Structures are given as C-alpha cells and as structure tokens.
Amino acid sequence: MAQLARRSGGLLKPMTATARCFSSASTDPITIETSVPFTGHKIDPPSRSVETSPKELLSFFWDMSLMRRMEISADSLYKSKLIRGFCHLYDGQEAVAVGMEAGITKEDCIITAYRDHCIFLGRGGTLLESFAELMGRRDGCSKGKGGSMHFYKKENGFYGGHGIVGAQVPLGCGLAFAQKYKKEESVTFALYGDGAANQGQLFEALNISALWDLPVILVCENNHYGMGTAEWRAAKSPAYYKRGDYVPGLKVDGMDVLAVKQAAKFAKDYVLKNGPIILEMDTYRYHGHSMSDPGSTYRTRDEISGIRQERDPVERIRKLILAHDLATEKELKDTEKEAKKEVEEAIAKAKESPLPEPSELFTNIYVKGLGAESFGADRKESAADLVILSTLRLQDLCKQRGRSQGRFTECLVGDETGIIVLTARNDQVNLAKEGNTLVLSNAKIHMFKGSMRLAVDRTGRIDVVEPASFSVDQTNNLSLIEFERVDVVV
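Cut-off values and rules
- Residues numbered from 1 in each chain as written.
- Predicted model: local features only at pLDDT ≥ 70, side-chain atom pairs only at ≥ 80, totals over all residues.
- Heavy atoms only, no water.
- Helix = DSSP H or I, 4+ residues; strand = E, 2+ residues; numbered from the N terminus.
- Areas by Shrake-Rupley, 256 points an atom, 1.4 Å probe, with all protein chains shown as cover.
- Expected span 1.5 Å × (residues − 1).
- Buried < 20%, exposed > 50% of the residue type's maximum accessible area, 1.4 Å probe, protein only.
- Patch = residues over 30% accessible without salt bridge, like charges linked within 9 Å, V, L, I, M, F, W, Y side chains within 5 Å.
- Salt bridge = Lys/Arg side-chain N within 4 Å of Asp/Glu carboxyl O.
- Axes fitted to C-alpha atoms, helices over the stretch in contact; angles between N-to-C directions.
- Parallel < 35°, antiparallel > 145°, perpendicular 65-115°, else oblique.
- Left-handed = near helix turned anticlockwise from the far one by under 90°.
- Contact = heavy atoms within 4.5 Å.
- Nonpolar A, V, L, I, M, F, W, Y, C, P; charged D, E, K, R; others polar.
- Pairing = 2+ DSSP bridges.
- Right-handed = clockwise from strand over helix to strand, strands pointing away.
- Core = buried A, V, L, I, M, F, W, Y, C linked by side-chain atoms within 4.5 Å.
- pLDDT = per-residue confidence, 0-100.
- Arc of directions from axis to C-beta.
- Phe/Tyr/Trp six-rings, centres within 6.5 Å; stacked < 30°, edge-to-face > 60°.
- Lys NZ or Arg CZ within 6 Å of the ring centre and 35° of its normal.

Chemist: What's the story with the overall build of the protein in this structure? I'm lost.
Modeler: The helix and strand inventory of the protein stands at twelve helices and 21 strands. Summed over its atoms, the accessible surface of the protein is roughly 22,700 Å², and 51% of this surface lies on carbon and sulfur atoms.

Chemist: Could you clarify how one ought to interpret helix 11 (residues 329-352) in this entry?
Modeler: An ideal rise of 1.5 Å per residue puts 34 Å on 24 residues; helix 11 measures up with 35 Å between its terminal C-alpha atoms. What helix 11 keeps buried is the set Glu 331, Leu 332, Thr 335, Ala 339, Glu 342, Val 343, Ala 346, Ile 347 and Ala 350.

Chemist: Quick question: what am I supposed to make of a nonpolar patch on the surface here?
Modeler: On the surface, a nonpolar cluster with roughly 570 Å² of combined accessible area is contributed by Phe 177, Tyr 181, Ile 208, Leu 211 and Trp 212. Along the polypeptide, Ile 208 turns up in helix 6 (residues 200-211). Judged by relative accessible area, Ile 208 falls into the partly exposed class, the value being 33%.

Chemist: Teacher, can you tell me more about the packing of helix 5 (residues 168-181) against helix 6 here?
Modeler: In contact at an axis separation of 8 Å, helix 5 and helix 6 are set at 15 degrees when each is read in the N-to-C sense. Taken together, helix 5 and helix 6 sit at an angle that is classed as roughly parallel. Seen along the crossing, helix 5 lies across helix 6 with a hand that is left-handed. Here helix 5 contributes Val 169, Pro 170 and Cys 173 to the contact with helix 6, which in turn contributes Gln 201, Leu 202, Ala 205 and Ser 209. Here the residues of the contact of helix 5 with helix 6 sort into five nonpolar, two polar and no charged.

Chemist: Is there a simple way to explain the pairing of strand 7 (residues 188-193) in this structure?
Modeler: Consecutive side chains along a regular strand alternate between the two faces of the sheet. With five of six residues buried, strand 7 is to be regarded as a mostly interior element. Sheet analysis places strand 6 (residues 109-111) next to strand 7, joined by three bridges and oriented parallel. Bridge assignment links Cys 109 to a residue of strand 7, and that residue is Thr 188. The pairing of strand 7 with strand 8 (residues 216-222) spans six bridges and is classified as parallel. In the strand pairing of strand 8, Leu 191 is matched with Val 219. For the handedness criterion, the β-α-β arrangement of strand 7, helix 6 and strand 8 is classed as right-handed.

Chemist: What am I meant to see in the sheet that holds strand 4 (residues 39-41) here?
Modeler: Within a sheet, adjacent strands bond to each other through the backbone by hydrogen bonds, running parallel or antiparallel. Read across the open sheet, the six strands follow the order 4-11-12-8-7-6; overall the sheet is mixed. Here the strands that pair on one side only, and so sit at the sheet edges, are strand 4 and strand 6. Here the average twist between neighbouring strands, direction ignored, is 20 degrees.

Chemist: Please clarify how the environment of Gly 166 should be interpreted in this entry.
Modeler: Structurally, Gly 166 can be placed in the loop between helix 4 (127-134) and helix 5. C-alpha separation for the pair Gly 166 and Tyr 192, spaced 26 residues apart in sequence, amounts to 6.4 Å. In this structure, Gly 166 is in contact with Ala 196, Gln 199 and Gln 201, ignoring residues within four places of it in sequence.

Chemist: It is not clear to me how the nonpolar core should be interpreted in this structure. Could you clarify?
Modeler: Here is a general trend for soluble globular proteins: nonpolar side chains tend to be buried in one another's company. Ranked by internal contacts, the top residues of the largest apolar core, which has 71 residues, are Met 100, Phe 131, Phe 189, Ile 217 and Ile 321. Tallying contributions element by element places helix 1 (residues 54-79) first for this core, with eleven residues. Aside from chain neighbours lying at most four places away, what touches Phe 131 is Met 70, Ser 73, Ala 74, Leu 77, Val 343, Ala 346, Ile 347 and Ala 350. The next biggest cluster of nonpolar side chains, apart from the first, holds 22 residues, and it includes Leu 175, Tyr 192, Leu 202 and Tyr 240.

Chemist: Explain the confidence of the model for the protein to me, please; I cannot follow it from the model alone.
Modeler: Close reading of the predicted structure is inappropriate where its pLDDT is low. Averaged over the protein, the pLDDT score is 80; the fraction of residues at 70 or greater is 70%. The model gives residues 16-23 a pLDDT under 50, and that stretch makes 25 contacts with residues more than four places away or in other chains. Within the model, pLDDT remains below 50 along residues 463-490, and this stretch shows 83 contacts once partners closer than five positions in the same chain are excluded.

Chemist: Whenever I open this one, the environment of Val 36 confuses me. Can you help?
Modeler: Here Val 36 shows up in the loop between strand 3 (30-33) and strand 4. Among the residues examined, Val 36 registers a relative accessible area of 40% and is labelled partly exposed. Along the backbone, Val 36 and Asp 253 are 217 residues apart, and their C-alpha atoms lie at a distance of 6.9 Å. Those residues in contact with Val 36 that lie beyond four places of it in its chain are Arg 48 and Asp 253.

Chemist: Would you explain helix 5 in this entry?
Modeler: One turn of the α-helix equals 3.6 residues, which is why residues spaced by three or four share an orientation. Relative to the 20 Å expected for 14 residues at 1.5 Å per residue, helix 5 spans 20 Å between its end C-alpha atoms, a close match to the ideal helical length. Considered for burial, the residues of helix 5 that qualify are Gln 168, Val 169, Gly 172, Cys 173, Leu 175, Ala 176 and Gln 179. Down the axis of helix 5, the smallest arc covering the buried residues is 155 degrees, so these residues share one side. In this structure, the buried residues of helix 5 make contact with strand 6, strand 7, helix 6 and strand 8. Downstream of helix 5 by one or two residues, Lys 183 has phi in the positive range, about 60 degrees.

Chemist: Explain the packing of aromatic side chains here, please?
Modeler: For any pair of aromatic rings, the description consists of the separation of the ring centres together with the inter-plane angle of the planes. Considering all chains together, one arrives at seven aromatic pairs under this definition. Look at Phe 177 and Trp 212: their rings are 5.5 Å apart centre to centre, the planes differ by 45 degrees, and that puts the pair in the tilted class. Placement of the pair is Phe 177 in helix 5 and Trp 212 in the loop between helix 6 and strand 8, with a sequence separation of 35 residues. By relative accessible area, Phe 177 is classed as partly exposed at 38%. Seen in terms of ring centroids, Tyr 225 and Tyr 298 are 5.2 Å apart; in terms of plane orientation they differ by 50 degrees. Their pairing is tilted. One end of the pair, Tyr 225, is in strand 9 (residues 225-226); the other, Tyr 298, is in the loop between strand 12 (277-282) and helix 9 (301-311), with 73 residues separating them in the sequence. The pair formed by Tyr 225 and Tyr 298 is uniform in burial state, with each residue classed as buried. Taken together, the ring pairs in this structure connect Phe 120, Phe 151 and Phe 158 into an aromatic cluster. For Arg 308, the ring lying beneath its charged end belongs to Tyr 286, and the centroid distance is 3.9 Å.

Chemist: Just to check I follow, could you spell out the packing of helix 2 (residues 94-103) against helix 8 (residues 257-274) for this structure?
Modeler: For any two helices packed against each other, one specifies the crossing angle of their axes together with the interaxial distance. Remark: helix 2 packs on helix 8, axes separated minimally by 7 Å, with the N-to-C direction vectors making an angle of 45 degrees. With respect to helix 8, the axis of helix 2 lies oblique. Where helix 2 crosses over helix 8, the handedness of that crossing is right-handed. Residues Ala 95, Val 96, Val 98, Gly 99, Met 100, Ala 102 and Gly 103 of helix 2 form the contact with helix 8, whose own contacting residues are Val 257, Val 260, Lys 261, Ala 264 and Lys 265. Classifying every residue of the contact of helix 2 with helix 8 gives eight nonpolar, two polar and two charged.

In structure tokens:
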C-alpha cells in the first residue's frame, strides 16, 4: 500500500495544497451512491450515483480531518482565553464545506454567517491565517480585527462571515446580481442556518432574485437547533427546501460529502440557466451554538453520540476508503496525526504573530480617496514639516461673541455642507501650515450638520480644497479663516 508523502511549508499554503496524497492515488473514476435519496421541490432531483476517484476520496478525508482538528483546537484555545469574544464551531458540518468546494470553482462566490472557519479553509485560506485571526493577531485573514465571525478572502470568492443573523443573504444575492450583470458564468452560494430561515430579509432577497433570475443558491445549513431552539419549536414548516414556494428546492444529506458535491454541481448548472434554487443541508453540529453554550441543555448526550456513530462525515469517508481498499486503517490514523501536527504548528506560529498596531483602528473604514480620512496614530507627520504661522488667543479672535469659541462660516464634510465650531485648550490655538493643510494644535474641531454633531477631531486638521492657497486673518474677529471650501479631516 502506498505511503503518505508529507509536503513542507503547509502552514502558509492553502488546505488543498497541503493535502496528504498517496503516491499511487488514482484519478480513475469510481461511482458511489449517496447515503439517502435527494428530495426535490418543484424540480426533479439529481441522480444518487456520484462519480468520484480514489484521489478525491483521500483528499476529502484529509480536508475534513484538518477542519475537525482545527475546530477542536479552537475550543481549547478559547477555554485558555487565547481566543476571546464570540466563537462558533463547525465540527460535524465539515461535509458541507468540503462537498460544496468539490462541486464548484473559486470563480464562484460564497458568503456565510458567523460559523465560517471551515468555509474559509475550504476557500483556500491557511491554518496560520485562521488561528492568527481567532487570536486577534496581525497575520490573521482580517489582520486580527475581525475575529471568529469575520473571516474573509475576497480573492478566492469568499465574502466573509457575518455577525447579523440572515444579513449575508441579501448581500449574496447582490453578488449574484453582479455576476449576471458582468455576464460571468459563475454563481453565488449564500449560506444561512435554520435559525435565520424565518428572517424577512431572506424572502425579500429571494423574491427579487427570482424576478431577475439571478444565479444564486440559498443554502440552509439545517443543524436542527437555532441557538438552543429546536427547529420544530421555531418554524411551523421546518421543510426549509420548500420555503421558496415558487423557487425550486432540494433536500440534501449534509453529512454525506458526496451528496453535497452532487447537489452543489447540480444547483450551479440549474441557476445559470433558470435563476435561484434552495438547498437544505441536513447536518448537525457537535458543539453548542457558541462557546458560551454547553450544547447539552436542549438535547441529550445520547442524541449527539448517536449522530456521531451513525452519520459522522469523517467516519463515512473512512469507511468508504477502507471498503475500496484505498488505504489501511494505520495510514488513515497517520493522516489524522499529520493533521494534528499541522494544526499545532500553525497555533505556535500564530502565537508569535504580533497584535495589530493601534493605528489599525483607523484603517479599512472608508474606501481610499472617498469620505473622510482618519487622523490618528496611523497618520505619519513630522514636526519639521510644519511651518508655524502664528499663535493666537482664542478670546482675542472671538471677543465680539463674548465666549471662547471660533466659528467657520462654511465647510464641506464629505458631501455635506455645515459649520465647524472650534474650541481650544488653555484658551490658545497654535496654527501651522503644511502644504494646503492648516493644522491647529491645542484645539478641538466639532463639526455640525444642522443640529447633529458629525465628528470631533482632537487635533484640528483642515485640508483646504478651494482655493489652493489660504492665509490666516488675525484681524477678523468673527472668522478664523476665510475660504470658499474646505474638507475636514477627522
């Protein structure tokens, strides 16, 4: 029997690039029947016979073993307080992530809710990026600023985990709209749980997607408990694949990776020609809803162990591999040990990654060149570049107003026109000029639009747009500076 060949540098490579491959693993086709038939709503279901290969089956085992080990390790890291905040684990549902990827390409888009770690890994993310993000480190896929619920890999078509229940579904329909507008032969998979299946925004998005025949697949990952509420207590009709009414649906065994692959491929072909479809993945999570949920108060331990024994996706693939004599039990055990080792190495590397700089608080807020630019620790400037114009006492500027306050008569904040009120510390304002920027130290700028305060800038920095030059008028007691337009930088 062929032996496993380990590849180096796995921490920084996507999961599929680090899969343990048997040197003699064949790509010759094998036809395997799904565990249970598909059930269709207003559509003829696909065949239960799925074409695969020894190489693909072995890769399925590796991918799901790696995901399982990652989630188990995340549990330990959370309990050690190395992961903080919300954390939702995916163990038990790995067949959905792996099977879906097997039926589509990276040209297709995926968007999901907050149980997103394994989806990210399946899209080509690395273990290092995953654990670094979970621990809030700079090498994370979202630079340590997103945490568990906000993994993201746009270049591979993964548009993130989202924390607002159901909010990702309309966004997914928007991605599908863009794909159709650009005449791309790609589709979007918008994932949500049974707990989000009653959201009004889901039906609104589905309605317009059906009207416009958008290439979107709504995937309900039905793990049967929305937080701690059983599906039958939350939904009068828990047959979620039928919920689209006028939109076809398909019920899939979400614990069978081959069934998921067949359904994903079938759905992609369908929506490119006909518009949306709903896939209900009948799956199960072993952990609680999140790390704050023990997962045992609303279901029995016997129920959980029963699912593990009868439907576990990793064990199903193990049995298939052994039944077709593709590997020995020892080789599969060695594969799991290799997965564990890679995860441990990634965790060690992630712990070495530094925390984000404080300046990262001000980045990724506005598109570059649009809106306001944040001024703070991330804005680099040198005192040598500033030319001191004057030092003025605010009370001298505003003595006619009877209060320590200066007022610009008009300013532009983004696209909004309003007024700025300037207040000073120690009743003194220091002015400096840096190109077409006026810098006021010892001051705060309060921007108003009507009666609404827009922002406060502790440094008082003003970029002048029109005219290109400006001057300080020390004789005008009513206004500090005179110009036609300014952009306020906060």
